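Each chain, written out:
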Amino acid sequence: MHKMTKSIAGSFLALALTGATTRAEETLRFATWDTDESLAIQQAIAKKFEEKHPGVKVQVEPYADGYDQKLVAAFGAGNPPDVMYMWNFPQYYTSLMPLDELIARDAAEIKPDDFPQGLMNTTRVEGKTYGMPSGFTTQVVFYNKDMFAKAGVEQPKDGWTWEDLRAKAAKFRDEANKVYGFAVDAKPDPYDFEQFLWSNGTKYISDDGKEIDGYMNSDAAAEVLDMFADMAKSHEAVTLNLGDDTSGGTLFKGGKIAMFQSAMWSKAGIDAAGFNYGVAPLPKFGDHVAHSALGVSAISIAKDATHPDLAWEFVKFFSSPEAVAMRTNDLPVRTSVAEAKGMTKDPVYKPFFDILATSNIEIHAYLKNENWGKIQDNLARAIEATMIDQGNAKAHLDDAVARSKRLLK
Amino acid sequence: MRKTFLYSALILASALFIAPFYWTFVTAIKSSAELYQFPPVFWPSEWHWENFAAAWSKQPFGTYLTNSLIVVVFSTVGQLLSSSLVAFGFARFRFPGRDALFILLLATMMIPWDVKMIPLYMEFNMLGWINTLKPLIVPAYFADAFFVFLLRQYIMTVPMEIDEAARMDGANSFDIYWRIHLPLMMPALVLVGTFHFMNAWNDYLGPLIFLNDQSKYTLTLGLSMFKGLHEVDVTSIAAITVILCLPPLVLFFLAQRYIMDGAVGSSVKG
Amino acid sequence: MDMAYAGTQTGAARRKRASVRRHIAPYLFISPWILGFLFFTLGPLLFSLTMSFFDWPVVGERTFVGLDNYRSMFTEDPQFWESLWITVKFAAIYVPFNIVMSFFLALMLHHVTFASGFFRTAFYLPSVISGVALVTIWSWIYSREYGLLNFMLSLVGIDGPNWLGDPNLAIVAIIIASLWGLGGTMLILLTGLKAIPKELYEAATISGVPGWAQMLFITLPMLGPMLIFTFITSIISAFQQLTIALLLTKGGPLGSTYFFAMYVYDNAFKYFDMGYAAAGSWVMFVIVLALSLVVMRWSAAWVYYEGEIRQADGERNA
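### Some words on the overall build of chain A
Then, number 1: What chain A contains, in helices and strands, is 19 helices and 14 strands.
Then, number 2: Taken over C-alpha atoms, the radius of gyration comes to 22 Å for chain A, in line with the 22 Å a tight globule of 409 residues would show.
Then, number 3: With respect to the three principal axes, the spread of C-alpha positions in chain A is 65 × 50 × 35 Å.
Then, number 4: Looking at chain A as a whole, 58% of its 409 residues are labelled buried.
Then, number 5: Here the analysis covers contacts within chain A between residues at least 6 apart in sequence; of these, 78% occur between residues at least 24 apart.

Now the structure itself:
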């Protein structure tokens with residue numbers, strides 16, 4: 001359960017909601033993986049929903065780290081929550097309620113066009129929609145303006161490339177104090193990592209989900225991986241997750257790295273760290289257009305939900321402008337809300353939205369093949385092996401392809 | 001000379017066992033600035049005791065504490081009664097099928113929890129026990145294989161003549177269990193009680209699977225909620241860990257004297 | 001029980017009733033476990049066995065596949081053999097170390113009087129820390145760049161290795177972290193030591209039996225039941241080792257700490273393949289059960305159970 005940003009959706013026509021039928025003392029179960037502030041935001045949205053629906057109680061069930069275990073047990077026993085956070089649609093869609101008809105029926109209220117196409121793509125399996133996006137994030141590079149000023153390095157600009165990033169990073173290297181310009185992850189989430197393949201003109205798996213040879217292990221893919229390994233080798237970047245649990249966020253907040261590639265989920269912590277920072281877009285590979293992975297928190301209804309009508313009301317409310325506007329820990333899934341908040345112009349938020357516009361073409365690999373989970377573990381091992389080896393990406397990726405052959409049937 | 005060596009070895013070994021705990025404590029009271037300093041800060045310049053209260057108030061830990069206490073107290077009582085009864089049955093009787101049943105009992109220890117989990121969940125769901133504390137309490141009244149095994153091994157070190165003498169005086173099996181073995185087993189029972197207390201207190205998977213709603217959560221679930229998907233609240237984890245360790249630690253410190261003294265006392269009969 | 005005899009207070013009837021009671025009594029004593037076994041174990045167990053013969057996704061259609069899960073596990077899945085081998089390696093090192101170290105610590109504690117409570121508590125301390133916190137602490141210790149352990153090593157001029165990042169060292173790191181929780185085993189052995197009658201040693205000392213022989217012929221045999229107990233439970237916990245690896249190394253680096261329990265876990269909760277996971281856990285179950293039976297068989301030859309060997313008791317008392 002990586003990909004989820006924490007978000008909610010705003011509410012469309014509050015008027016229409018007040019007309020919805022409510023029965024006395026109904027409990028709607030809503031499961032989420034979020035904790036902390038993001039959880040508090042969702043609880044606030046649930047409260048709002050209760051106010052609008054007297055007699056309805058929303059029981060927010062935070063499963064945190066145990067989300068999948070918990071959901072697996074609940075579905076297995078036929079006792080799932082009515083409404084739940086969702087991202088891994090291929091694994092769960094057979095027990096989720098398709099929403100297309102409902103969306104079409106209530107289109108005037110929902111305004112489906114208000115949701116960027118890239119986001120809607122992530123909730124679709126075999127042509128059907130199983131969830132409404134409620135919050136999202138794209139990937140960006142945070143940089144510490146204070147460190148840049150002190151080192152006299154020019155700040156990143158729009159349209160910068162990985163070559164630019166490497167040149168800047170090299171200037172921060174200070175091994176005695178364990179300070180570096182950037183951090184590369186030896187165990188990146190393969191879901192996010194695919195963005196670099198996209199940005200270099202390739203992808204993990206063919207669009208029909210049947211071929212990985214020549215994709216995952218293409219020269220373009222190996223080039224990406226070798227570049228990151230080389231950054232580690234030349235100490236332009238510190239390596240994360242190679243026997244070290246210290247997160248990039250922690251290092252960035254502690255002033256140990258000058259640039260940090262991450263997403264919305266890091267922003268609140270960085271704000272609290274109290275230094276000046278800027279947000280740059282993901283660098284490009286040469287002339288290619290940069291693409292970003294899309295972390296979408298969607299909200300879905302169990303196929304055999306106890307209260308399907310009420311659940312749908314809740315889903316609508318969760319993705320309504322009102323609720324979407326309440327989510328400050330991730331980004332608004334509605335263009336209208338983002339614009340109303342001026343986020344598309346704000347220099348801190350702009351890079352997130354800019355790259356969203358160029359990230360609506362590619363489909364994440366897990367949506368293409370049902371065995372992707374297992375294939376992905378072979379891939380993750382190849383990435384890690386390349387980082388340990390500090391190179392040799394092609395051989396490791398070939399190995400991953402060979403190990404995954406039997407899973408493609 | 002020999003004593004000096006013994007104590008030096010013990011002090012060294014115990015330092016190894018305590019150091020990480022000390023580090024947890026220090027992490028809990030550090031300022032966020034000193035948290036990731038390198039070289040590491042072993043003696044914080046400021047002691048932020050308020051970190052404990054802050055962590056505690058980030059979630060409804062008062063509620064969690066109540067739930068944990070209910071589970072621990074009621075399940076410990078059940079565990080002590082049921083496991084000692086069963087252990088006595090296996091240790092002191094010959095009956096058809098005993099060895100087969102005992103092997104079955106041992107086998108139950110080896111069942112991986114992963115796969116038992118879904119069927120168990122379905123069962124508790126049918127009983128209407130999901131999102132109640134019952135799945136965490138009731139099974140303790142049906143004896144745990146580990147404890148039965150432990151207590152049986154203990155009972156088997158007690159000479160049989162003691163039972164026979166009592167039987168000669170007209171005691172029935174239950175009397176022998178209740179009046180003779182239960183007191184003799186006391187040290188082992190305190191051990192079982194302590195172990196069970198720790199297990200129940202620290203159990204994470206059970207509460208995770210069977211409880212849904214925060215008003216039912218136990219302390220360990222609260223602790224795990226500081227570990228988010230992308231961010232880990234290190235100070236709060238450390239602070240709650242320290243708090244979470246204290247009750248079992250105090251209990252253990254009190255119990256261990258009893259376990260040891262009791263064991264010495266019982267050996268007199270040998 | 002025998003209601004038919006209730007009215008006839010003949011001696012024979014009374015004897016008969018007593019005998020019936022004797023036959024039933026053991027079953028009454030063990031009835032809590034039997035009930036619990038039926039309700040909370042046998043049902044789930046058979047259910048999981050059934051699952052292992054199915055292609056059983058968490059949601060969606062279930063198909064009977066016979067022994068296919070087992071076949072594909074044994075013949076097609078390199079992960080199965082790799083994870084099994086890693087677990088065997090782990091158990092082969094962890095189990096003996098766990099018992100020997102626990103035994104020596106228990107032995108030392110057995111001989112101290114001053115501050116014994118403090119030492120016992122110290123050794124047990126790690127065992128009272130819950131899994132989530134335990135793993136957080138170990139990641140602080142092992143961290144390559146910022147870790148406590150490598151900092152300590154650097155003080156004495158050693159450039160510390162990358163504990164969790166080196167495929168050869170990660171399993172060692174996990175063994176160390178697991179051994180840190182030996183407090184429970186140590187305590188069981190210590191209780192066992194305390195229960196050995198002092199008279200045995202006194203008599204032996206008077207007869208001039210040297211210390212090593214007392215250890216060999218009194219301590220070890222008398223501690224036998226407890227040693228066997230800890231041996232078997234250590235094997236079980238070695239095979240079920242999951243939390244530490246799952247949270248500390250996530251099975252890496254390069255799968256070097258990908259334990260069998262984690263393989264089962266991943267199949268269930270990561271790949272949502274419950275049938276395959278059930279088959280895996282049955283394999284684990286059978287292996288551990290077989291190992292335990294071997295240990296019990298082998299131990300029966302030398303372990304001394306005072307309560308069971310009445311003949312020997314009689315002789316000693318006479």
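### Observations regarding the interface of chain A and chain B
Then, number 1: Taken together, the contacts link 25 residues of chain A with 20 residues of chain B.
Then, number 2: Contributions of two or more residues to the side of chain A that touches chain B are made by β3 (56-62), α3 (67-76) and α12 (248-253) of chain A.
Then, number 3: Top element by residues in the side of chain A that touches chain B is α3 of chain A. It accounts for 4 residues.
Then, number 4: For the side of chain A that touches chain B, the class distribution of residues is 7 nonpolar, 12 polar and 6 charged.

### Observations concerning the nonpolar core
Then, number 1: In this structure, Phe182, Ala183, Ile257 and Phe314 of chain A together with Val148, Leu150 and Leu151 of chain B are the most contacted members of the largest nonpolar core, which totals 291 residues.
Then, number 2: Inspection of this core shows a minimum of three residues originating in each of domain 1 (3-51) and domain 2 (76-299) of chain C.
Then, number 3: If near-sequence neighbours (up to four positions away) are discounted, Leu150 of chain B is found in contact with Ala188 and Val192 of chain B together with Ile188 and Phe229 of chain C.

### Regarding unusual backbone geometry
Then, number 1: Phi at Asn392 of chain A takes a positive value of approximately 70 degrees, unusual for a residue other than glycine.
Then, number 2: Its location among the elements puts Asn392 of chain A in the loop between α18 (372-389) and α19 (393-404).
Then, number 3: The phi torsion at Lys250 of chain C lies on the positive side, around 50 degrees, for a residue other than glycine.
Then, number 4: In this structure, Lys250 of chain C sits in the loop between α11 (243-248) and α12 (260-269).

### Here's the deal with the pairing of strand β4 (residues 83-86) of chain A
All names here are of chain A.
Then, number 1: Along β4, one buried face is formed by Val83 and Tyr85 and the opposite face, lined by Met84 and Met86, is buried too.
Then, number 2: Alignment of strand β2 (residues 26-32) against β4, held across 2 bridges, turns out to be parallel. Residue Phe30 lies in a different strand from β4, and its bridge partner there is Val83.
Then, number 3: Where β4 meets strand β13 (residues 295-301), 4 bridges bridge the pair, whose relative direction is antiparallel. Across the sheet, the residue bridging to Val83 is Ile301, located in β13.

### Remarks on the interface of chain C and chain B
Then, number 1: Contact with chain C, which involves 79 residues of that partner, is made by 85 residues of chain B.
Then, number 2: Broken down by element, the side of chain C that touches chain B gets its largest block of residues, 17 residues, from helix α1 (residues 11-51) of chain C.
Then, number 3: Looking at the side of chain C that touches chain B, its residues break down into 53 nonpolar, 18 polar and 8 charged.

### Some details on the environment of Asp82 of chain A
Residues and elements named next belong to chain A.
Then, number 1: Here Asp82 is to be found in the loop between α3 and β4.
Then, number 2: For Asp82, a count of 25 C-beta atoms within 10 Å corresponds to the buried category.
Then, number 3: It is 8.2 Å that separates the C-alpha atoms of Asp82 and Ala31, two residues lying 51 residues apart in sequence.
Then, number 4: If sequence neighbours within four positions are ignored, Asp82 has contacts with Leu28, Arg29, Phe30, Ile301, Ala302, Ala305, Thr306, His307 and Ala311.

### Remarks on the sheet that holds β2 of chain A
All names here are of chain A.
Then, number 1: A sheet is described by the order of its strands in space; here 5 strands give the open sequence β3-β2-β4-β13-β7, paired in mixed fashion. Two strands in the sheet have a free side with no partner beyond their single neighbour: β3 and β7 (132-137). Strand-to-strand twist in this sheet, taken as the mean axis angle between neighbours without regard to direction, amounts to 20 degrees.
Then, number 2: Note that β7 and β13 share 5 bridges and pair antiparallel. Each residue of the ladder has a partner; that of Gly135, found in β13, is Ser297.

### Here we look at the sheet that holds strand β12 (residues 277-280) of chain A
Backbone hydrogen bonds hold the strands of a sheet together, and the pairing may be parallel or antiparallel.
All names here are of chain A.
Then, number 1: Taken in spatial order, the 3 strands make up an open sheet running β11-β8-β12, and their pairing is antiparallel. Every other strand in the sheet has two partners, leaving β11 (259-263) and β12 as the edge strands with one partner each. Pairs of neighbouring strands in the sheet enclose a mean axial angle of 30 degrees, with direction left out of account.
Then, number 2: Sheet topology note: the strand β8 (residues 139-144)/β12 ladder contains 4 bridges and is antiparallel. For Tyr143, the partnering residue across the bridge sits in β12 and is Gly278.

Quick notes on the rules
Residues numbered from 1 in each chain as written. Chains lettered and ligands numbered in written order. Predicted model: local features only at pLDDT ≥ 70, side-chain atom pairs only at ≥ 80, totals over all residues. Helix = DSSP H or I, 4+ residues; strand = E, 2+ residues; numbered from the N terminus. Rg over C-alpha atoms; globule rule 2.2 N^0.38 Å. Buried ≥ 20, exposed ≤ 12 C-beta atoms within 10 Å, placed from the backbone. Contact = placed C-beta atoms within 7 Å. Nonpolar A, V, L, I, M, F, W, Y, C, P; charged D, E, K, R; others polar. Core = buried A, V, L, I, M, F, W, Y, C linked by C-beta atoms within 7 Å. Domains from an automatic or database assignment. Pairing = 2+ DSSP bridges. Axes fitted to C-alpha atoms, helices over the stretch in contact; angles between N-to-C directions.

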